[in-house]
Amino acid sequence: MEIIRSVGNLADYVAKAKADHRSIGFVPTMGALHDGHISLVERAVRENDLAMVSVFVNPTQFNNPTDLATYPRKEEDDFRMLAEAGVKAVFAPTVDEMYPRGTAREHEYKLGSAAEVMEGKFRPGHFQGVAQVVHRLFELVRPDRAYFGEKDFQQIAVIRNMVESEHVDVEIVPCPIKRAADGLALSSRNALLSEDQRRRAPGIYEALSASVEYSRDHGVKATRDMVVDRINAIPEMEVEYFEIVDGRTLLPVEEWEESDFVVGCITVYNGCVRLIDNIRYR
Ligand code: AMP
């Protein structure tokens, strides 16, 4: 596996792959890799001539400096996992290499109403930062397909809007959430949980799963309240938001019948660690 650090070397690598007519499957990540990332990577390996992964903790998508400073980093383990999964090249640049003119945003992306709600509301600027880095990576890697996890459900909708408004020719491939045996959605941030917090963390998915059953004979609001109350009753846990939304527009629904694609998106503070998850109702 090639480890590429510079934009110039990446451009050369991609130019050669294109000249050889090899299809490129791309998985952008922030590293501290786990089986959730690897499930995307394995699919990229299977479905393309060559799989490329980026490992880059993108400062422009963090609105909280402590979150950026404490974000887990373990590059050596990451590279070993990627090589074992059959990845041909990993792009792991420095911040200066990615943003030679500095990290100030020079372009306002058109991300639609999907970027205004939920994460967009609670993390101002987050999706502009995501769009900025993913667009830059797409320009460099020129992938045929790019793989994104449904754990970040809203992110996929926002990326699709960016791809459309910037006219990027790439297929966005959504991949299912990978969970620990106890139901907790895998996340790099899980490594930051204390033993007690980790033990209680599956309570999020338990509440979400129970709410699917509950939703069969309760309305949207009652279902929403049930999830929030149940999670807030767990020590150290506090729901930041739980929205039941149309899976395409990401706008809230008030009745189950309003859409044939309804998803509940949640963010929970477990101590200081911010965890996200989601569940499909219809
Ligand atoms: P991150 O490194 O957190 O930016 O994630 C990189 C990619 O991996 C994103 O597309 C995430 O949605 C995806 N991802 C992270 N955790 C999971 C998971 N538990 N299951 C599936 N995909 C995931």
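Note: the structure precedes this text.
A short tour of the structure in this document, coming up. (Residues numbered from 1 in each chain as written. Predicted model: local features only at pLDDT ≥ 70, side-chain atom pairs only at ≥ 80, totals over all residues. Heavy atoms only, no water.)

1. Structural notes on the overall build of the chain
Alright, step 1. Broken down by element type, the chain carries eleven helices and nine strands.
Alright, step 2. Whereas a compact globule of 282 residues would reach a radius of gyration of roughly 19 Å, the chain reaches 19 Å, a difference of no more than 12%.
Alright, step 3. Summarising its shape, the C-alpha atoms of the chain cover approximately 60 × 40 × 35 Å along the three principal directions.
Alright, step 4. Buried positions account for 54% of the 282 residues belonging to the chain.
Alright, step 5. A separation of at least 24 residues holds for 71% of the contacts in the chain among residues at least 6 apart in sequence.
Alright, step 6. In the structure as shown, the chain presents an accessible area of about 13,400 Å², 48% of it carried by carbon and sulfur atoms. (Helix = DSSP H or I, 4+ residues; strand = E, 2+ residues; numbered from the N terminus. Rg over C-alpha atoms; globule rule 2.2 N^0.38 Å. Buried < 20%, exposed > 50% of the residue type's maximum accessible area, 1.4 Å probe, protein only. Contact = heavy atoms within 4.5 Å. Areas by Shrake-Rupley, 256 points an atom, 1.4 Å probe, with all protein chains shown as cover.)

2. Structural notes on helix 8 (residues 153-165)
Alright, step 1. The first and last C-alpha atoms of helix 8 sit 19 Å apart over 13 residues, in line with the 18 Å expected at 1.5 Å per residue.
Alright, step 2. When we look at burial in helix 8, the residues that qualify are Phe 153, Gln 154, Gln 155, Ile 156, Ala 157, Val 158, Ile 159, Met 162 and Val 163.
Alright, step 3. After helix 8 finishes, the residue His 167 shows a positive phi value of roughly 55°. (Expected span 1.5 Å × (residues − 1).)

3. Here's the deal with the side chain of Asp 246
Alright, step 1. Positionally, Asp 246 belongs in strand 7 (residues 237-246).
Alright, step 2. Within the buried core, Asp 246 has no salt-bridge partner, and the shortest N-O distance to an opposite charge, that of Arg 248, equals 4.6 Å.
Alright, step 3. A distance of 2.7 Å separates a polar atom in the side chain of Asp 246 from the backbone nitrogen of Arg 248.
Alright, step 4. There is a polar contact of 2.9 Å between the side chain of Asp 246 and the side chain of Ser 259.
Alright, step 5. Setting aside residues up to four positions removed in sequence, Asp 246 forms contacts with Leu 251, Val 253, Ser 259 and Phe 261. (Lys, Arg positive; Asp, Glu negative; His and termini not counted. Salt bridge = Lys/Arg side-chain N within 4 Å of Asp/Glu carboxyl O. Polar contact = N/O pair within 3.5 Å; in protein donor to acceptor, adjacent residues only side chain to side chain.)

4. Focus on the packing of helix 10 (residues 203-214) against helix 11 (residues 220-232)
Alright, step 1. At their nearest, the axes of helix 10 and helix 11 sit 9 Å apart, and the two run at 155° to each other. In terms of orientation, helix 10 lies roughly antiparallel with respect to helix 11. Note on packing geometry: the crossing formed by helix 10 with helix 11 is right-handed. Side by side, helix 10 and helix 11 meet where Gly 203, Ile 204, Glu 206, Ala 207, Leu 208, Ala 210, Ser 211 and Tyr 214 of the first sit next to Ala 222, Thr 223, Met 226, Val 227, Arg 230 and Ile 231 of the second.
Alright, step 2. Its residues placed into classes, the contact of helix 10 with helix 11 shows nine nonpolar, three polar and two charged. (Axes fitted to C-alpha atoms, helices over the stretch in contact; angles between N-to-C directions. Parallel < 35°, antiparallel > 145°, perpendicular 65-115°, else oblique. Left-handed = near helix turned anticlockwise from the far one by under 90°. Nonpolar A, V, L, I, M, F, W, Y, C, P; charged D, E, K, R; others polar.)

5. Notes on the site of the ligand
Alright, step 1. Neighbouring the ligand are 17 residues; Met 30, His 37, Asp 152, Lys 178 and Leu 186 lie closest to it.
Alright, step 2. Here an oxygen atom of the ligand sits 2.9 Å away from a polar atom, N or O, in the main chain of Met 30.
Alright, step 3. A distance of 2.9 Å is found between a nitrogen atom of the ligand and a backbone nitrogen or oxygen belonging to Leu 186.
Alright, step 4. Relative to its unbound accessible surface of 490 Å², the ligand loses 93% to contact with the protein.
Alright, step 5. At a threshold of 2 Å from the grid points, most atoms of the ligand map onto the largest cavity.
Alright, step 6. Counting residues per element, the shell around the ligand draws most heavily on helix 2 (residues 35-47), at three residues.
Alright, step 7. Split into classes, the residues belonging to the shell around the ligand amount to eight nonpolar, six polar and three charged. (Near = heavy atom within 4 Å. 1 Å grid on protein atoms, 1.4 Å probe; cavity = no way out; pocket = protein on both sides within 12 Å on 5 of 7 lines; lining within 4 Å. Sits in = over half its atoms within 2 Å of the grid points.)

6. As for the sheet that holds strand 7
The strands making up a sheet are joined through hydrogen bonds of the backbone, oriented either antiparallel or parallel.
Alright, step 1. Strand order in this open sheet of three strands is 7-8-9, and the pairing throughout is antiparallel. At either end of the open sheet lies a strand with only one pairing partner, and these are strand 7 and strand 9 (273-280). Across the sheet, the axes of successive neighbouring strands diverge by a mean angle of 15°, strand direction being ignored.
Alright, step 2. Judged from the nine bridges that link them, strand 7 and strand 8 (residues 262-270) form a sheet pairing that is antiparallel. Looking across to strand 8, one finds that Ile 244 is bridged to Gly 264.
Alright, step 3. Lying over the sheet, helix 10 contacts strand 7, strand 8 and strand 9, oriented at roughly 20° with respect to strand 9. (Pairing = 2+ DSSP bridges.)

7. Observations regarding the nonpolar core
Alright, step 1. Among the nonpolar cores identified, the biggest contains 36 residues, and Met 52, Phe 138 and Ile 172 are the most heavily contacted of them.
Alright, step 2. Mapped onto this core, the elements with two or more residues apiece are helix 1 (7-19), strand 2 (24-29), strand 3 (50-55), strand 4 (89-91), helix 7 (126-141), strand 5 (145-149) and helix 8.
Alright, step 3. At nine residues, the largest contribution of residues to this core is made by helix 7.
Alright, step 4. Apart from the residues within four sequence positions on either side, Met 52 is in contact with Leu 10, Tyr 13, Val 14, Ile 24, Gly 25, Phe 26, Val 27, Val 87, Ala 89 and Val 141.
Alright, step 5. Membership of the second largest hydrophobic core comes to 26 residues, among which are Leu 193, Val 228, Val 253 and Tyr 281. (Core = buried A, V, L, I, M, F, W, Y, C linked by side-chain atoms within 4.5 Å.)

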